Amino acid sequence: MIVINGTPHEIAITDPRRSLLDHLRTDAGLHGPKKGCDQGGCGACTVLLDGRRVLACLTLAAQADGRTVTTVEGVGRDGDLDPLQEAFINHDGFQCGYCTPGQVCSAIGMADEVARGVPSRVSPEIGAASFDLSPDEIRERMSGNLCRCGAYNGIVAAIEETYVGGPR
Amino acid sequence: MNADPVVGRAVPRRDGPAKVSGAAAFTAEVPVEGTAHAKLVCSTVAAGEITGIDLTEARSAPGVVAIMTHHNAPAMRIAPLLITLRGASFTRAPVMQDARIRWNGQPVAIVVAETPEQADHAASLVRVSYALAEARLVFDDLKAGAPQPDHVQGEAPAVMIGDAEAALRAADTRVDQVYRTPWHTHCAIEPHATTVAWHDDRSLTMWDATQAITHSQATLAEVFSLDLENIRVVSQFVGGAFGNKMMWSHQILCAAAARLAQRPVRLVLSRSDVFRVTGGRTRTEQRVALGARADGTLTALIHEATTTTGISDGFAEQCTFPARVLYGADTFGIDQRVVELHTPANSSMRAPGESVGSFALECAIDELAEQLDVDPLDLRTRFEPAAHPTTGKPFSARHLLEAYRLGAERFGWAERSSAPRSRRDGPWWIGQGVATATYPYTRMPGGRASVTVSADGHATVRTAAHEMGMGTATVQAQYAADHLGLPLDRVHFEYGDSRHPAAVPAGGSAQTVSIIASVVAATRALTAELLRLTSSDSPLAGAGTDDVELRDGGIYLRDGGAGQSWPDILRRAGRDELTGEGAASPPTETAQHAMHSFGVQFCEVRVHDVTGEVRVSRWLGMFDTGRIINPRTATSQFRGAIVMGIGSALSEETIFDERTGRVLNATLAEYHVPVHADIPPIEVAWLGHPDPLAPMAGKGVGEVGMVGVAAAVANAVYNATGRRIRDLPITPDKVLGL
Ligand code: FES
Ligand code: FES
């Protein structure tokens, strides 16, 4: 059983090779998580597993058993877009939109990491309780999410607008 | 005509909510009942013959539905080339018709199974044996004496004006250098995906990630001998294309496999198949030689380029095009050559020709400026021609000098130190570079559109066009709203389906103007039809299309005269809606004039003294591309192109093993596209002067933004370090001189 976007899903995982990404896309019928490479190279498949960002293509569906998964379909509230999603639109943080679900989920997970004091390569101080989300921090921490359309400036602006001053 | 025009406004993308919420369904996600899944088996050798295919194990693997090889593939005709304007292929290689191998990665079998995992597994059990033939793989061994292609994108492969070599020898100052750029791969994040469902023996629907709907439909008709109207191609959302999502073998194989399996088949290419089954940008070797007099006159401009194609392909990438158009010179010596190799067919990739060609030319100009001890921007100003330098045609609009001036002011070019290796911040050397950009304006012939107005006061524009992220749906709705005289929210734009009127491929930065020209024609047809419907007591009675204007949701006599709303005309005629359809006028605007987009790229880099790492720290692109319809989506187009240019400058390189012809770095972990950390804030600006000859006074913006980028970076690296790197990408080993 996997809780996907708040709803428990009883789906038998018949093929143990099935990745969480294929499980979500094929069995659960959610195509928000995208397959860009299926080998951990692009970040398009990023989802939140118990609130932390993971690459769904490198996670076996079986590993998610008994846990909660949030995909881009589940980040808004009550049918409204999350402010981060609104900010992506307002800053034109995408063109084709294929990397976007991964960028959105990754940004949410990243903001949480920052709040928890997880440092990055560019963080000034290891062991600080939390970090300022500078543009450099955002760029460094989001670098696992490729955007071939090159919407990076808009994505960083959207994340900054949403989270600077700390995640809500 | 809108009293309050929406063209020029930064309207948000129409598909934004669908894309940020995961609701947008890309090709691999469109539900099709009863779909089986396919996997390609690809050649592991570059040249030779298949001597045997053992399917015993694969056939008995769980879930296998069908396997197709050249033994049981149906007869299929050759797909027409993109350049013919009938098709969308880059190769004339037959698809699974014989035992011959033309490149490493050529599909040799397609396995269809119930699930993707089963197809993958069964494909791994297909055993293919080959008799190897000698492969043409080593560019350096084959480039000498490479032949001239028949043409370069329809232009002459060589342009000789005066005796450029003699002028070069006689010149006071000379630059004569060779520049190299490697193979590139488009790497759209959405891999190619296709689903084909046959309805009967004569008709099918193909859902495809494509930038050439109409031309894919025509290709399937040709390849499978079907009637055009029995083929439907659907492509709603495309996850990036950049010139690569045209017609390749995988769509044809998917269609043939679906017929064999007698059920719908979906084929999604793996990331490594994207690298090996489809082709990227050719590598190039380019000699640029410039001769100048002491006063800064260019006496000789020589640009010789050698590029590659696959076997049986015909696309000579137009590297020498910038040299034909940018600068005035006394003599020109322009020549292109091609080397046929056992590689995938080379294809168009964002700003084909101009992007890599400008790397050579614009670095050479920088080298000449240094020798003459003139600011490189000033030098370009001296070379500014009065008319197209190699055809003599007048330019429809060329405001490059103004772009130089305004760009330099905005970037602070005057503060640059012209002495290389003279500015440092800790371990980082700082340098600035500049390069000019140009890209031809094209409007491909053949596009159509329809415009439907309804009694509830809405209008719907339809054309089989493409939205790969350029903002097509948004900017076309803006244009149509103004043209029809309607508020933006009453205009729908439908695209992505061959049931709509035929469209041109999305390529050559030509789609926007091509659609606009067809909407103009459709609107005219619609207006004529509406006028026919007016009754004799209407103020419009007897008026022709030239007597009226469209505004306020209706048709009115010119100059503020009386008229009727559409709903009124339709209701009185007892109609719910009315459609006009039209074909774009032939693109005659380029007959007498040279039409190009222009721009200038300024950049600042920081180069690490110890590691040789190059970081781009600042960017300004200043563009002259006519009127901009939507500043928001145009900014993203320019930025995206600059990002891809930075990738080509610093990190991108598709590596073929010269022994086996196999792509070695066929993953996104090993082919390095720029990531967030590589990209600083990119400033873009434009002049916005309308081009009087272009529909809507606008020219393409998708590709010119990539031109000059790699040269600007290389010139900045030289300014920072004193090291001139003529071989892309500029990796740390080259910076350190290792
Ligand atoms: S699909 Fe998972 S990282 Fe690319
Ligand atoms: S929006 Fe196209 S890849 Fe990011």
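Since this is a predicted model, take the numbers as computed values, not measurements.

Undergrad: Help me understand helix 16 (residues 631-650) of chain B, please; the structure alone is not making it clear to me.
TA: Residues spaced three or four apart along an α-helix point in a common direction, a consequence of the helix completing one turn every 3.6 residues. Residue and element names in this part refer to chain B. For helix 16, with 20 residues, the first-to-last C-alpha span of 28 Å sits near the 28 Å given by 1.5 Å per residue. When you tally the buried positions in helix 16, you get 18 out of 20 residues, the bulk of the element. Where helix 16 starts, the residue carrying a side-chain oxygen 2.9 Å from the main-chain nitrogen of Arg 632 turns out to be Asn 630.

Undergrad: When you look at the nonpolar core in this model, what are you seeing that I'm missing?
TA: Nonpolar side chains in soluble globular proteins generally cluster together in the buried interior. Residue and element names in this part refer to chain B. Counting residues in hydrophobic clusters, the biggest one holds 230 residues, and the most contacted among them are Phe 224, Val 605, Trp 619, Val 713 and Ile 730. Setting aside chain neighbours within four positions, we find Val 713 in contact with Cys 603, Val 605, Val 616, Trp 619, Ala 649, Leu 650 and Ile 730. Membership of the second largest hydrophobic core comes to 18 residues, among which are Ile 50, Ala 99, Leu 125 and Val 126.

Undergrad: Any chance you could explain the pairing of strand 22 (residues 554-557) of chain B here in plain terms?
TA: Along any regular strand the residues' side chains alternate between the sheet's two faces. All names here are of chain B. Pairing between strand 21 (residues 548-551) and strand 22: four bridges, direction antiparallel. Looking at strand 22, one finds that Leu 550 is bridged to Ile 555. As consecutive antiparallel partners, strand 21 and strand 22 are separated by two residues, and within that stretch Asp 552 has a phi angle of approximately 50 degrees, a positive value. With three bridges connecting them, strand 22 and strand 23 (residues 563-565) associate as antiparallel partners. Across the sheet, Tyr 556 pairs through a bridge with Gly 563, a residue of strand 23. Remark: five residues form the turn of the hairpin made by strand 22 and strand 23, two consecutive strands paired antiparallel; Asp 559 in that turn has positive phi of roughly 55 degrees.

Undergrad: Even after reading the chapter, I still don't get the side chain of A:Ser19, so can you show me in this structure?
TA: Residue and element names in this part refer to chain A. As for its placement among the helices and strands, Ser 19 is situated in the loop between strand 2 (7-9) and helix 1 (20-27). With a relative accessible area of 7%, Ser 19 lands in the buried category. Residues contacting Ser 19, with those up to four places away along its chain left out, are Ala 56, Cys 57, Thr 59, Leu 60 and Ala 61.

Undergrad: So what exactly am I meant to see when it comes to unusual backbone geometry here?
TA: Note: most peptide bonds trans; most residues except glycine with negative phi. A cis amide bond links B:Leu728 to the next residue, B:Pro729, at an omega of -5 degrees. Positionally, B:Pro729 belongs in the loop between helix 17 (709-721) and helix 18 (732-735). Backbone geometry places A:Asp78, a non-glycine residue, at a positive phi of 50 degrees. Along the chain, A:Asp78 falls in the loop between strand 5 (68-70) and helix 2 (83-90). For A:Asp78, a relative accessible area of 78% puts it in the exposed group.

Undergrad: Teacher, can you tell me more about the sheet that holds strand 15 (residues 331-340) of chain B here?
TA: The strands making up a sheet are joined through hydrogen bonds of the backbone, oriented either antiparallel or parallel. Residue and element names in this part refer to chain B. Strands sit in the order 7-15-14-13-8 across an open sheet of five strands; the sheet is mixed. If you trace the sheet from one side to the other, it starts and ends with strand 7 (158-161) and strand 8 (173-181), each paired once. Neighbour to neighbour, the strand axes of the sheet diverge by 10 degrees on average, direction disregarded. Here nine bridges tie strand 8 to strand 13 (residues 284-292), and the two strands are oriented antiparallel to one another. Residue pairing across strands places Thr 181 opposite Thr 284, the latter belonging to strand 13. Sitting on the sheet, helix 10 (residues 354-372) touches strand 8, strand 13 and strand 14 (298-309), and the angle it makes with strand 8 is about 150 degrees.

Undergrad: Just checking my understanding: could you explain the UniProt feature "domain: Aldehyde oxidase/xanthine dehydrogenase a/b hammerhead" (unreviewed entry) in chain B for this structure?
TA: According to UniProt, the positions carrying the feature "domain: Aldehyde oxidase/xanthine dehydrogenase a/b hammerhead" (unreviewed entry) are residues 21-134 of chain B. Across residues 21-134 of chain B, helical content stands at 12% and strand content at 31%; the span's end C-alpha atoms are separated by 52 Å.

Undergrad: How do you make sense of the interface of chain B and chain A when you look at a structure like this?
TA: Interfaces are often described in size by the accessible area the parts lose on coming together. Tallying the contact residues gives 55 residues for chain B and 45 residues for chain A. At the surface where chain B touches chain A, the tally comes to five salt bridges. A salt bridge links A:Asp92 to B:Arg13, with the nearest nitrogen and oxygen atoms 2.6 Å apart. Looking at the side of chain B that touches chain A, the elements that each hand over two or more residues are helix 1 (16-21), helix 3 (116-124) and helix 16 of chain B. The biggest single contributor to the side of chain B that touches chain A is helix 16 of chain B, with eight residues. When grouped by side-chain class, the residues that make up the side of chain B that touches chain A number 31 nonpolar, 15 polar and nine charged.

Undergrad: Whenever I open this one, the packing of aromatic side chains confuses me. Can you help?
TA: The description of an aromatic ring pair rests on the distance of the ring centres and on the angle between the ring planes. All told, the structure shown has 16 aromatic pairs over all chains when counted by the stated rule. Between A:Tyr98 and B:Phe26 the ring centres are 5.0 Å apart and the planes differ by 85 degrees, which places this aromatic pair in the edge-to-face class. With A:Tyr98 in the loop between helix 2 and helix 3 (100-115) and B:Phe26 in the loop between helix 1 and strand 1 (36-42), this residue pair bridges two chains. Look at B:Phe395 and B:Phe598: their rings are 5.9 Å apart centre to centre, the planes differ by 75 degrees, and that puts the pair in the edge-to-face class. Placement of B:Phe395 in the loop between helix 11 (376-382) and helix 12 (400-411) and of B:Phe598 in strand 25 (residues 596-608) is noted, with a sequence separation of 203 residues between them. By relative accessible area, B:Phe395 is classed as buried at 13%. In textbook terms, an aromatic cluster arises when at least three aromatic residues are bridged by ring pairs, as seen for A:Tyr98, B:Phe26 and B:Phe237. It is B:Arg618 that lies over the ring of B:Phe411; its NZ or CZ is 4.0 Å from the centre. B:Arg724 extends its terminal NZ or CZ atom over the ring of B:Tyr718, reaching a point 4.1 Å from the ring centre.

Undergrad: Honestly, the packing of helix 16 of chain B against helix 17 of chain B in this entry has me stumped. Any pointers?
TA: A pair of packed helices can be characterised by two numbers: the angle between their axes and the separation between those axes. All names here are of chain B. Contact geometry of helix 16 with helix 17 gives a least axis separation of 8 Å together with a crossing angle of 50 degrees. Taken together, the axes of helix 16 and helix 17 lie oblique to each other. Of the two elements, helix 16 crosses helix 17, and the hand of that crossing is right-handed. Every residue of helix 17 that contacts helix 16 at Ile 642, Gly 645, Ile 646, Ser 648, Ala 649 and Leu 650 is listed here: Val 709, Ala 710 and Val 713.

Undergrad: In this structure, what is going on with the domain arrangement of chain A? I would like to understand it.
TA: Residues and elements named next belong to chain A. Assigned domains within chain A: domain 1 (2-74) and domain 2 (83-163). Computed over C-alpha atoms, the centres of domain 1 and domain 2 are 21 Å apart. Counting from both sides, the interface comprises 17 residues of domain 1 and, opposite them, 18 residues of domain 2. In total, domain 1 and domain 2 occlude about 1,300 Å² of area from one another, counting both sides; carbon and sulfur atoms represent 53% of this.

Undergrad: Got a minute to help me understand the sheet that holds strand 22 of chain B in this structure?
TA: Residue and element names in this part refer to chain B. Strand order in the open sheet made by the three strands is 21-22-23, with antiparallel pairing throughout. Two strands lie at the open edges of the sheet, namely strand 21 and strand 23, each paired on one side alone. Put simply, the sheet's adjacent strands are angled 20 degrees from each other on average, direction ignored. Across the sheet, helix 14 (residues 511-533) lies against strand 21 and strand 22, angled at about 105 degrees from strand 21, the strand it touches most.

Undergrad: What is the right way to read the packing of helix 2 of chain A against helix 3 of chain A from this model?
TA: All names here are of chain A. Contact pair helix 2 / helix 3: the axes reach a minimum separation of 10 Å and the direction vectors enclose 130 degrees. The orientation of helix 2 with respect to helix 3, classified from their angle, is oblique. Crossing angle aside, the handedness with which helix 2 passes helix 3 is right-handed. Listed contacts from helix 3 to Leu 84, Gln 85 and Phe 88 of helix 2 are Thr 100, Gln 103, Val 104, Ala 107 and Ile 108.

How each quantity is defined
- Residues numbered from 1 in each chain as written.
- Chains lettered and ligands numbered in written order.
- Predicted model: local features only at pLDDT ≥ 70, side-chain atom pairs only at ≥ 80, totals over all residues.
- Heavy atoms only, no water.
- Helix = DSSP H or I, 4+ residues; strand = E, 2+ residues; numbered from the N terminus.
- Expected span 1.5 Å × (residues − 1).
- Buried < 20%, exposed > 50% of the residue type's maximum accessible area, 1.4 Å probe, protein only.
- Polar contact = N/O pair within 3.5 Å; in protein donor to acceptor, adjacent residues only side chain to side chain.
- Core = buried A, V, L, I, M, F, W, Y, C linked by side-chain atoms within 4.5 Å.
- Contact = heavy atoms within 4.5 Å.
- Pairing = 2+ DSSP bridges.
- Axes fitted to C-alpha atoms, helices over the stretch in contact; angles between N-to-C directions.
- UniProt positions renumbered as here; feature names shortened; annotations may be inferred.
- Salt bridge = Lys/Arg side-chain N within 4 Å of Asp/Glu carboxyl O.
- Nonpolar A, V, L, I, M, F, W, Y, C, P; charged D, E, K, R; others polar.
- Phe/Tyr/Trp six-rings, centres within 6.5 Å; stacked < 30°, edge-to-face > 60°.
- Lys NZ or Arg CZ within 6 Å of the ring centre and 35° of its normal.
- Parallel < 35°, antiparallel > 145°, perpendicular 65-115°, else oblique.
- Left-handed = near helix turned anticlockwise from the far one by under 90°.
- Domains from an automatic or database assignment.
- Buried area = accessible area lost by both parts, 1.4 Å probe.

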